[in-house]
Amino acid sequence: MKKYTFEKKIDTRSGFGAGLAELGRTNENVVALCADLTGSLKMDEFKNENPERFFQVGIAEANMMGLAAGLTVGGKIPFTGTFANFSTGRVYDQIRQSIAYSGKNVKICASHAGLTLGEDGATHQILEDIGLMKMLPGMTVINSCDYNQTKAATIAIADHDGPVYLRFGRPAVPNFTPADQKFEIGKAVMLNEGTDVTIVATGHLVWEAIQAGEKLAEEGISAEIINIHTIKPLDEEAILKSVAKTGCVVTAEEHNFLGGLGESVARTLTANHPAPQEIVATQDTFGESGTPAQLMEKYGLNSASIIEKAKAAISRK
Amino acid sequence: MPDTQQLKDLATQVRRDIVRMVHKVNSGHPGGSLGCTEFFVALYNEVMELNEGFDMNGKGEDVFFLSNGHISPVYYSVLARRGYFPVEELNTFRLIDSRLQGHPTTHEGLPGIRIASGSLGQGMSVALGAALAKKLNNDDHLVYSLHGDGELQEGQNWEAIMYAAANKVDNIIATVDYNKQQIDGSTDDVLPLGDLRAKFEAFGWEVLEVAEGNNIEAVIAGLKEAKTKTGNGKPVVVLMHTVMGNGVDFMMHTHAWHGKAPNDEQLAIALEQNPETLGDY
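Residues numbered from 1 in each chain as written. Chains lettered and ligands numbered in written order. Predicted model: local features only at pLDDT ≥ 70, side-chain atom pairs only at ≥ 80, totals over all residues. Heavy atoms only, no water.

The following threshold applies: UniProt positions are given in the numbering used here, feature names are shortened, and annotations may be inferred rather than shown by experiment.
Going by the annotation in an unreviewed UniProt entry, the name recorded for chain B is Transketolase, with Robertkochia marina given as the source organism. UniProt annotates chain B under Sequence similarities (unreviewed entry) with the comment "Belongs to the transketolase family."

By the naming in an unreviewed UniProt entry, chain A is Transketolase family protein, taken from Robertkochia marina. The UniProt entry for chain A carries the following text under Cofactor (unreviewed entry): "thiamine diphosphate".

Okay, here's the thing in structure tokens:
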């Protein structure tokens, strides 16, 4: 098992803020909009350095999405920032018509996704957003795993012509991917080559997959671990190639099992190479208040669950 | 610049186009389209400063957004007759494989269209975004938009209206098609709009009214006056009093023709009331 280490834990949203600030310095067409959550989204640096390109819209997310669509008419590249819940469910029709169907080059950047939002509870813990966004024709969906990857993704999506949903989170998590990584939309990242089971993880579950891989190795199980930052378009080739070798797969995500990464992988397998699959995800439920660690344990979104599912997948081969 | 008679002839021809388009496919929205014919003809042929051809970004020209997308027939007719696409293409309205979808969209690449609309209440925000882009680009051209009055029941409008005044977006002229009708009946019966002028003023907008929204000279005068109000730190709205179904007597003053096509006999009457002026498509 390849060894992964990190110097410190840091939140993915800070990676977004750092990426956006860099874009502010390098791409004059990048503009940013925020719905009264500038501090939470870490957008202050961009705002302070580019006050004329930052739009505080107040608590009015529908208007924010429309403004962003309109700003593209004139060549701007708008990045919207608010919590994942208010970036998707609250404004689905605005995104659908004014952005996706209209083919507008808007980057919808969503923090506080999933259970790890923590104590605020289920009203804010959206577990359906990946499904909502991946169903929109033409929408690219990215769920980055740590600070460095989120920063790289933020910078990369500015060069992609078309609407993008970029999902990240609130808590400090291990920052283990390289600072100088090249972020390629739609390209899976191989973290560890193995032979017994493929683990395909996204977002905060990638680090958990690495932890699981280390423990499985101690038990003599060789896990191939893939970091899928882009859920749509999915790197089907990488997944199929791996499962052809290992013969089974576990997917892991901080999202409902309906509509998420697991479903996308299952569709890929059934169409090309049917194989046993186990899904680590929430089971069609809302969340609740608690610490991120408590919630991830209670809802089965951690390395222990991945290990259990990996053994189950192997037993079904 | 065309003279007034030429614009009136164009409006008559556009009304013919509208009723012929919806009759052919037995669907579409003639009422609001007919009510806004003078507005569209004036806007695209007298009021807006437009470049030749179509550029999505609209740099160095005025741009327009239709928020109440269901009145696509009048939009398509005026765009075609302004030269954005062949007039013959009006024949394809609402047909399979057409660029002239039931509601306007950029999706099929129809020149002249910059946003999809149909799901109501979104166009004000989009227009404001384009106005912000013009300011960033140091482009002193204007953004125009059109909204149904019933459409103002959608809450997003008021988010946008609040934003525009607070941020002094003064390079936009929004027009409300104030015909007081919507699908289920009069706006007073469905959900009263109250005092629209007072509401816009309370939100910090400059408000103008065009009492005769189906008099092309009055529409031109109103929009040109609105232009003089731009650049003064306030967004501008024109409350344009129109008659739904204007120009076809049996369609006027009722919500009944909001989304209903005429039959063969009704078409013949409508065409008789609007004789061919510039040639049918």
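1. Concerning the overall build of chain B
For clarity, the cut-off: Secondary structure follows DSSP: runs of H or I at least 4 residues long count as helices, runs of E at least 2 residues long count as strands, and numbering of each begins at the N terminus. Throughout, radius of gyration means the C-alpha value; the globule benchmark is 2.2 Å times the number of residues raised to the power 0.38. The cut-offs for exposure are 20% and 50% of the maximum accessible area for each residue type, with area from a 1.4 Å probe on protein chains only; residues under the lower value are buried, those over the upper are exposed, and the others partly exposed.
Counting its secondary structure elements, chain B contains 10 helices and seven strands. Computed over C-alpha atoms, the radius of gyration of chain B comes to 17 Å, within 12% of the 19 Å expected from 2.2 N^0.38 for 281 residues, which places it in the range of a compact globule. Each principal axis of the C-alpha atoms in chain B carries an extent, and together these give about 50 × 45 × 35 Å. Burial status across chain B gives 59% buried among its 281 residues.

2. Examining the interface of chain B and chain A
Threshold: The contact criterion used is simple: two residues touch if any of their non-hydrogen atoms lie within 4.5 Å. Buried area is understood as the total, over both parts, of accessible area removed when two parts are fitted together, assessed with a 1.4 Å probe. Salt bridge criterion: a side-chain nitrogen from Lys or Arg within 4 Å of a carboxyl oxygen from Asp or Glu. Basically, the charged four are Asp, Glu, Lys and Arg, the nonpolar ten are Ala, Val, Leu, Ile, Met, Phe, Trp, Tyr, Cys and Pro, and anything else, Gly included, counts as polar.
On the side of chain A, 28 residues touch chain B, which itself brings 29 residues to the contact. Together chain B and chain A conceal approximately 2,200 Å² of surface at their shared face, both sides included; 55% is due to carbon and sulfur atoms. Here chain B and chain A share zero salt bridges between them. Listed by contribution, the elements that provide at least two residues to the side of chain B that touches chain A are α5 (123-136) and α6 (156-166) of chain B. When its residues are assigned to classes, the side of chain B that touches chain A shows 12 nonpolar, 13 polar and four charged.

3. Some points on the UniProt feature "domain: Transketolase N-terminal" (unreviewed entry) in chain B
What UniProt calls "domain: Transketolase N-terminal" (unreviewed entry) maps, in this numbering, to residues 10-268 of chain B. Helix makes up 38% of residues 10-268 of chain B and strand makes up 12%, while its end C-alpha atoms are separated by 19 Å.

4. Notes on the pattern of salt bridges
Scanning all chains against the criterion turns up 25 salt bridges over all chains. Between A:Arg167 and A:Asp129 there is a salt bridge whose closest N-O contact spans 2.8 Å. Of this pair, A:Arg167 sits in strand β7 (residues 164-167) while A:Asp129 sits in helix α6 (residues 129-134); the two residues are 38 residues apart in sequence, bridging distant segments of the chain. When its relative accessible area of 2% is taken as the criterion, A:Arg167 is described as buried. With a shortest N-O distance of 2.9 Å, B:Arg197 and B:Glu209 are connected by a salt bridge. Within this pair, whereas B:Arg197 is found in helix α8 (residues 196-202), its partner B:Glu209 is found in strand β6 (residues 206-210), the two being separated by 12 residues in sequence. Connected through shared salt-bridge partners, A:Arg25, A:Glu45 and A:Glu49 make up one network.

5. Let's talk about the side chain of A:Ser87
Residue and element names in this part refer to chain A. Spelled out, the test is: Polar contact criterion, stated in full: a pair of N or O atoms within 3.5 Å, where within protein one must be able to donate a hydrogen and the other to accept it, and residues adjacent in sequence count only if both atoms are side-chain atoms.
Within the secondary structure, Ser 87 is located in helix α4 (residues 84-87). A polar contact of 3.3 Å, which involves the side chain of Ser 87, links it to the backbone oxygen of Thr 82. Ser 87 has contacts with Met 65, Thr 82, Ile 95, Ile 108, Cys 109, Ala 110 and Tyr 165, leaving out every residue within four places of it along the chain.

6. Points about the packing of helix α9 (residues 236-246) of chain A against helix α10 (residues 261-272) of chain A
All names here are of chain A. Test applied: Think of each axis as a best-fit line through the C-alpha atoms, taken over the contacting stretch in the case of a helix, with angles from 0 to 180 degrees between the N-to-C directions. Here a crossing is called left-handed whenever its near helix is offset anticlockwise from the far helix by less than a right angle, and right-handed whenever the offset is clockwise.
With their axes 10 Å apart at the nearest point, α9 and α10 run at an angle of 65 degrees to one another. Of the two possible hands of crossing, α9 and α10 adopt the one that is right-handed. Facing α9, whose interface residues are Glu 236, Ile 239, Leu 240 and Val 243, α10 presents Val 265, Arg 267, Thr 268, Leu 269 and Asn 272.

7. With respect to the nonpolar core
Short version of the rule: Side-chain atoms within 4.5 Å link the members of a nonpolar core, which is a set of buried Ala, Val, Leu, Ile, Met, Phe, Trp, Tyr and Cys residues. Domain limits in this description derive from either an automatic procedure or a database domain assignment.
Formed by 73 residues in total, the largest nonpolar core has its most connected members in A:Ile95, A:Ile228, B:Phe65, B:Leu196, B:Phe200 and B:Trp205. Top contributing element to this core by residue count: α5(B), with eight residues. Of the residues that make up this core, three or more belong to each of domain 1 (9-174) and domain 2 (189-315) of chain A. In contact with A:Ile228, not counting residues within four places along its chain, are A:Asn143, A:Ala188, A:Val200, A:Ala201, A:Thr202, A:Leu234, A:Asp235, A:Ile239 and A:Leu261. Core analysis: the next-biggest nonpolar cluster, separate from the first, contains 59 residues, B:Leu34, B:Ala42, B:Leu146 and B:Ile173 among them.

8. Some thoughts on the packing of aromatic side chains
The condition that has to hold: Only the six-membered ring of Trp is used, alongside the rings of Phe and Tyr, when aromatic pairs are assigned; centres must lie within 6.5 Å, and planes under 30 degrees apart are stacked while those over 60 apart are edge-to-face, with the rest tilted. Placement of a charge over a ring requires the Lys NZ or Arg CZ to be within 6 Å of the ring centre, with the centre-to-atom vector within 35 degrees of the ring normal.
Using the criterion set out here, one finds 18 aromatic pairs over all chains in the structure. The interplanar angle of 25 degrees and the centroid separation of 4.9 Å between the aromatic rings of A:Phe16 and A:Phe168 together place this pair among those described as stacked. Of this pair, A:Phe16 sits in helix α1 (residues 12-26) while A:Phe168 sits in the loop between β7 and β8 (172-174); the two residues are 152 residues apart in sequence, bridging distant segments of the chain. Pairing B:Phe39 with B:Phe64 gives two aromatic rings, centres 6.2 Å apart and planes at 55 degrees, and the pair type is tilted. Here B:Phe39 is found in helix α3 (residues 37-47), whereas its partner B:Phe64 is found in strand β1 (residues 63-66), with 25 residues between them in sequence. The exposure classification of B:Phe39 matches that of B:Phe64, with both residues buried. One aromatic cluster in this structure is built from B:Phe39, B:Phe40, B:Tyr44, B:Phe54, B:Phe64, B:Tyr75 and B:Tyr84. Cation over ring: B:Lys260 sits above B:Trp257, and NZ or CZ is 4.4 Å from the ring centre.

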